[in-house]
Amino acid sequence: MAKAVRLEEGVVSLLRDLMEAGIIEAVVTLRSVPQERSVVWSLVPLPEALSSVHPWFPSMPQNGAKVVSRLSKQMDNSSRLGVVLRPCEIRALRELAKLGQTNLDCLFIIGLECLGVFPLERIFSEETEIFQVERDYLEHLRAGEDIPGIRAICRACENPLPDLADLGVWARGQASPLLLAHSPKGARALETMFSPLEEVEIPAASYEILSRRGEEAQRMRQRIKETIRGFEGLTEIFGPCIGCHNCRSVCPLCYCRDCFFTSACFDYPPEVYLHRLQHRRTTRLPLDSLLFHLGRMTHMAGSCVACGMCEDVCPAAIPIAQIFKTIGAEIQQLFGYEPGKRLDEPMPLVTFRTDEFQDIGG
Ligand code: SF4
Ligand code: SF4
Ligand code: SF4
């Protein structure tokens, strides 16, 4: 059971109430740009500016954690910034908090239950009427139905629930969404703004999806493992990579300020190319794309929240998020670690435990 209130007027009205009650002083959420051809992340400081926001809009123009991290990492605790995020964005943000790349104390997180989002390619297509897409999405959400056309990674998402937010908006199968507090900060806000509160069970409709998504995730992992088996498989799947590094720049968990793979270490002198040609008739350009992917994987797959952003921006249509989700799951299982779940659990890559992997270390 949890304390809850029904949001008869929707999320935009909740944001207005939070601002008017002084619980937040501004909000980061999705907003339509003036030509109404797309929806972008925006910082909205005034209740009257909320008329153009679309918190539910089913696309991820960037992973919101990355946007919020840039804004919040130097904020002090007295700031009160509201942020509206999907569950994978919340988990990414909590991972970034462990790396000192955001200050959760100055944030008030409103989490949305998530049916998944559409590929950016579809959202940016000339034929797409973006607000019709949003209306269809909300209808499916209210009816408790899956929506066709969402990204492959979302169809296999095992964490679509907003239970890591301060306030979670539970909307699947609900005529009006339920607003639940998931932290002391959220509970205080609910009590300040709404009373009396209902005691409710988390809606069963929200949990029904989990087994279906879990089965799809199993199938995805199986497919990817069969494809990338061995060195041959890896070179084949990463074969079309053009080395643009889009996947790295959009990843919320590629946290290094200066990336080794864009450093001068990779500005090879001509002898390196000539040396490689002594062993082969041709050499692939750019060099070392496989090294880039394996290096990135070693650095951050343990924290991958499977948000799908990398795959959405890959011009070579490599199922990169599905690969990272698959490898990430293996690494996370080895360390018994679930990225973004518990704030007091240190990240495996920055922790040394003498009792780990004794069978390997000897
Ligand atoms: S991976 Fe997709 S379904 Fe899961 S929370 Fe993110 S956007 Fe939603
Ligand atoms: S590797 Fe891809 S799926 Fe994983 S967190 Fe980064 S962008 Fe998201
Ligand atoms: S976005 Fe795609 S093409 Fe570009 S580096 Fe990543 S995997 Fe390669």
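Heads up: the structure comes first, above all this text.
Residues numbered from 1 in each chain as written. Chains lettered and ligands numbered in written order. Predicted model: local features only at pLDDT ≥ 70, side-chain atom pairs only at ≥ 80, totals over all residues. Heavy atoms only, no water.

A.B. asks: What is the right way to look at the site of ligand 3 in this model?
C.D. replies: As a structural note, the neighbourhood of ligand 3 is formed by C241, I242, G243, C244, H245, N246, C247, H293, C314, P315, A316 and I318. By residue class, the composition of the shell around ligand 3 is eight nonpolar, four polar and no charged. (Near = heavy atom within 4 Å. Nonpolar A, V, L, I, M, F, W, Y, C, P; charged D, E, K, R; others polar.)

A.B. asks: Is there a simple way to explain unusual backbone geometry in this structure?
C.D. replies: Where the residue is not glycine, phi is negative for most of them; where a peptide bond is considered, it is trans in most cases. Cis geometry is adopted by the peptide bond preceding P196, which originates at S195 and carries an omega value of 0°. Mapped onto the fold, P196 is located in the loop between α7 (184-193) and β8 (198-200). At H245, a position not held by glycine, the phi torsion is positive, near 65°. Following the sequence through the fold, H245 ends up in the loop between α9 (230-237) and α10 (246-250). (Helix = DSSP H or I, 4+ residues; strand = E, 2+ residues; numbered from the N terminus.)

A.B. asks: How should the environment of F260 be read in this particular structure?
C.D. replies: Among the structural elements, F260 can be located in the loop between α10 and α11 (270-279). Here F260 falls in the partly exposed class, since its relative accessible area comes to 42%. It is 39 Å that separates the C-alpha atoms of F260 and K185, two residues lying 75 residues apart in sequence. Once residues lying within four places of it in the same chain are set aside, the contact partners of F260 are C265 and F266. (Buried < 20%, exposed > 50% of the residue type's maximum accessible area, 1.4 Å probe, protein only. Contact = heavy atoms within 4.5 Å.)

A.B. asks: What's the story with the sheet that holds β8 in this structure? I'm lost.
C.D. replies: Strand-to-strand pairing in sheets goes through backbone hydrogen bonds, with the strands running parallel or antiparallel. Strand order across the open sheet formed by eight strands is β3-β2-β4-β5-β6-β7-β1-β8, with mixed pairing between neighbours. Two strands close off the open sheet at either side, each with one partner strand: β3 (39-44) and β8. The mean inter-strand angle of the sheet, taken between neighbouring strand axes irrespective of direction, is 30°. Bridge count between strand β6 (residues 167-170) and strand β7 (residues 178-181): four bridges; the pairing is antiparallel. Looking across to β7, one finds that W170 is bridged to L178. Strands β2 (26-32), β3, β4 (81-85) and β5 (107-112) of the sheet are contacted by helix α2 (residues 64-72), whose axis makes an angle of about 170° with β4. Across the sheet, α7 lies against β1 (2-6), β5, β6 and β7, angled at about 125° from β7, the strand it touches most. (Pairing = 2+ DSSP bridges. Axes fitted to C-alpha atoms, helices over the stretch in contact; angles between N-to-C directions.)

A.B. asks: Just checking my understanding: could you explain the packing of aromatic side chains for this structure?
C.D. replies: One pair of aromatic rings is described through two measures. These are the centre distance and the angle between the planes. This model, assessed by the stated rule, comprises three aromatic pairs. Ring geometry for W170 against Y207: centres 6.4 Å apart, planes inclined by 45°, an arrangement best described as tilted. Here Y207 lies in helix α8 (residues 204-227) and W170 lies in strand β6, a separation of 37 residues in the sequence. For W170, a relative accessible area of 0% gives the class buried. (Phe/Tyr/Trp six-rings, centres within 6.5 Å; stacked < 30°, edge-to-face > 60°.)

A.B. asks: Explain the nonpolar core here, please?
C.D. replies: The nonpolar side chains of a soluble globular protein tend to be buried with one another. Formed by 99 residues in total, the largest nonpolar core has its most connected members in L18, L107, L179 and F238. The two domains that each donate at least three residues to this core are domain 1 (2-215) and domain 2 (220-356). Apart from residues lying up to four places away in sequence, F238 is in contact with R284, L290, H293, M297, I318, I320 and I323. In this structure, A2, W170, L178 and L180 belong to the second largest nonpolar core, which totals seven residues. (Core = buried A, V, L, I, M, F, W, Y, C linked by side-chain atoms within 4.5 Å. Domains from an automatic or database assignment.)

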